[in-house]
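Chain by chain, the residues run as shown.
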Amino acid sequence: MPDTKKKLSFFSIVLLGINAIIGSGIFLLPTAGMKIFGPASILVLVFDAFLAFMIGLCFAECSGLFDESGGAYIYAKHAFGNFIGYEVGIAAWAVRIIAEATMYVAFATALGGFFPALNTSLAKNIIVTIMAVGLMILNLSGIEAASVFSNIITVGKLLPIFLIIIIGLFFIHPGNFTPFFVPSLTHASNFSDATLTMFYIFTGVEGLVVTAGEMSNVKKNLPRAIMVVLSVVTIIYILIMTVCIGVLGTKLTQTSVPLQAALTAMIGKVGSYIVVAGSVLSIGGICIASSFITPRSTEALADNGILPKAFSKKNRKNAPYISIIVNAILILALSYSGTFTYLAQISAISRFAQFIPTIIAVMVFRKTMKNKPRAFKLPLGYTIPIIALAISLWLIFNTKVNLLIFGFGALVVALPFYFLTRGFRERKIN
């Protein structure tokens, strides 16, 4: 029987990818880039886009080999066996926890930039506590509200971004880019720090390729979509970074809410209202959506034996209550631990626990599944995965130890659970 299910068009794929990548980071990270690497942080964005493109293409080839969902977990399991697959599955869970904690702190940071009285560590912790507890209660009640916010979120985050770009091009002061390479900032360690920090705003492209089965003419459309999505996103990011530096100059390093500060400098207090409304609406909406998705992802891991079976238990409202409660506690603990920039760095580095196995899996599958039809195959042999692997390992090697501990700590903590849940997984297979 022919497949009559409606497929995503090329244009829909592009919009999905742009929406998946542009999130909370763009509202807050230009300050971090300027602090770490000066105006030359614009070049860091280009480098990060290149890395994201290489990784995205590796995911694209792997996704074309499997009908089952699961992304990096599925690729790792088939390429390296159950143990590595299990660890990557745990990493995927950790990434969601870290990302949600990062967004909660981003929300508090955005509010603190508008209301100075809330720009303290205590206020930040109170705000994220209210968010975590409130969303936990909402989840436990079984209310499915995330989809209602989807279109509002998209408009809410793109409107101030395009407004800043369009107006900002008329307010740029060329002198603010001099010197472009600041001598005190332009060295290798700062470049690696800036690369890791700003790579956070490109995360999300890996989620696009997991939906390959929903796309029409995937072999042609997916690689083109990845190129178009990352090109559009990169152009938007470069324009935003250029405007923020060109309008604010060194003052950019003194604000925690750069887009808000830039538009305020251009059109006055009304600019502040526009950006804070857009950023709070966008980040808050993403937090709501994520709070529903994360515990369901945890439930799925429990159903597959990756986490203890208790995580899939549901209450009378059909909500996975243990997953919801445990996730909320972990998210809160992480939210208390640092600033948005710090958590963004942890969120970025933790994703390489999924990226690196997928990159290597491309080369493994070229040997073990060489005769299996592929929806998409990378050109240039092993060149792209080798480049992606080399840059990823360089980035990890240059990452501070404390970030690595937070980013990859879940892999170590999960080890005993692998053996505790082995019996359940074996019974499930049999």
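Let us look at the structure shown here. (Residues numbered from 1 in each chain as written. Predicted model: local features only at pLDDT ≥ 70, side-chain atom pairs only at ≥ 80, totals over all residues. Heavy atoms only, no water.)

When its secondary structure is counted, the protein shows 19 helices and zero strands. When the 430 residues of the protein are sorted by exposure, 55% land in the buried category. For the protein, restricting intrachain contacts to residue pairs at least 6 apart in sequence, the fraction spanning at least 24 positions comes to 82%. Entry remark: accessible area of the protein is about 18400 Å², with carbon and sulfur atoms responsible for 69%. (Helix = DSSP H or I, 4+ residues; strand = E, 2+ residues; numbered from the N terminus. Buried < 20%, exposed > 50% of the residue type's maximum accessible area, 1.4 Å probe, protein only. Contact = heavy atoms within 4.5 Å. Areas by Shrake-Rupley, 256 points an atom, 1.4 Å probe, with all protein chains shown as cover.)

Quick look at helix 15 (residues 352–368) now. Under the 1.5 Å per step criterion, the end-to-end length of helix 15 is 23 Å for 17 residues, consistent within 8% with the ideal 24 Å. In the structure, helix 15 departs most strongly from a straight axis at Val 362, where the bend amounts to approximately 30 degrees. Counting buried residues along helix 15, 13 of its 17 residues qualify, which places the element largely inside the surrounding structure. (Expected span 1.5 Å × (residues − 1). Bend = angle between axes of the 7 residues up to and from the residue.)

Let's shift gears to a nonpolar patch on the surface. The grouping of Phe 80, Phe 83, Ile 84, Val 412 and Leu 415 at the surface amounts to a nonpolar patch, some 390 Å² of accessible area in total. Its place among the elements puts Phe 83 in helix 5 (residues 82–114). (Patch = residues over 30% accessible without salt bridge, like charges linked within 9 Å, V, L, I, M, F, W, Y side chains within 5 Å. Salt bridge = Lys/Arg side-chain N within 4 Å of Asp/Glu carboxyl O.)

Before going further, it helps to spend a moment on the pattern of salt bridges. By the definition in use, this model includes two salt bridges. Linking Glu 61 and Arg 366 is a salt bridge whose minimum nitrogen-to-oxygen distance equals 2.8 Å. Of this pair, Glu 61 sits in helix 3 (residues 41–63) while Arg 366 sits in helix 15, and the two are 305 residues apart along the sequence. The pair Glu 61 / Arg 366 is uniform in exposure class, with both members buried.

Applying the stated criterion to the full structure yields five cavities of 30 Å³ or more. In this structure, the largest cavity spans a volume of roughly 100 Å³. Along its surface, the largest cavity is lined by 13 residues, and Glu 100, Asn 139, Ser 291, Ile 324 and Ala 328 are the ones closest to its centre. Those elements giving two or more residues to the lining of the largest cavity turn out to be helix 5, helix 6 (121–140), helix 12 (269–303) and helix 13 (321–337). Residue classes in the lining of the largest cavity are distributed as eight nonpolar, four polar and one charged. (1 Å grid on protein atoms, 1.4 Å probe; cavity = no way out; pocket = protein on both sides within 12 Å on 5 of 7 lines; lining within 4 Å. Points joined across faces, edges and corners; volume = space filled by probe spheres on them. Nonpolar A, V, L, I, M, F, W, Y, C, P; charged D, E, K, R; others polar.)

This part is about helix 14 (residues 340–350). Because each turn of an α-helix spans 3.6 residues, side chains separated by three or four positions in sequence point in the same direction. Burial of helix 14 is extensive: nine of the 11 residues sit out of reach of the surface. Of the residues making up helix 14, those classed as buried are Phe 340, Leu 343, Ala 344, Gln 345, Ile 346, Ser 347, Ala 348, Ile 349 and Ser 350.

Another aspect to go through is the packing of aromatic side chains. Counted by the stated rule, this structure contains 14 aromatic pairs. For the ring pair Phe 191 and Trp 394, a centre distance of 5.9 Å and an interplane angle of 45 degrees mean the geometry is tilted. Taken together, the residues span a long stretch of sequence, with Phe 191 in helix 8 (residues 188–199) and Trp 394 in helix 16 (residues 383–397) at a distance of 203 residues. A residue is classified by how much of its surface remains accessible, and Phe 191, at 23% relative accessible area, is partly exposed. Ring plane angle 85 degrees and centroid distance 6.2 Å describe the contact between Phe 199 and Phe 355, whose orientation is recorded as edge-to-face. In this pair, Phe 199 is assigned in helix 8 and Phe 355 in helix 15, connecting sequence segments 156 residues apart. Through pairs of rings, three or more aromatic residues link up here, namely Phe 59, Tyr 75, Phe 199, Phe 352 and Phe 355. (Phe/Tyr/Trp six-rings, centres within 6.5 Å; stacked < 30°, edge-to-face > 60°.)

Turning our eyes to something else, we now look at the packing of helix 5 against helix 12. Packing of helix 5 against helix 12 leaves a shortest axis separation of 9 Å and a crossing angle of 160 degrees. Accordingly, the angle class assigned to the pair helix 5 and helix 12 is roughly antiparallel. In terms of crossing hand, the pair formed by helix 5 and helix 12 is left-handed. In terms of residue class, the contact of helix 5 with helix 12 is built from 17 nonpolar, nine polar and two charged. (Axes fitted to C-alpha atoms, helices over the stretch in contact; angles between N-to-C directions. Parallel < 35°, antiparallel > 145°, perpendicular 65-115°, else oblique. Left-handed = near helix turned anticlockwise from the far one by under 90°.)

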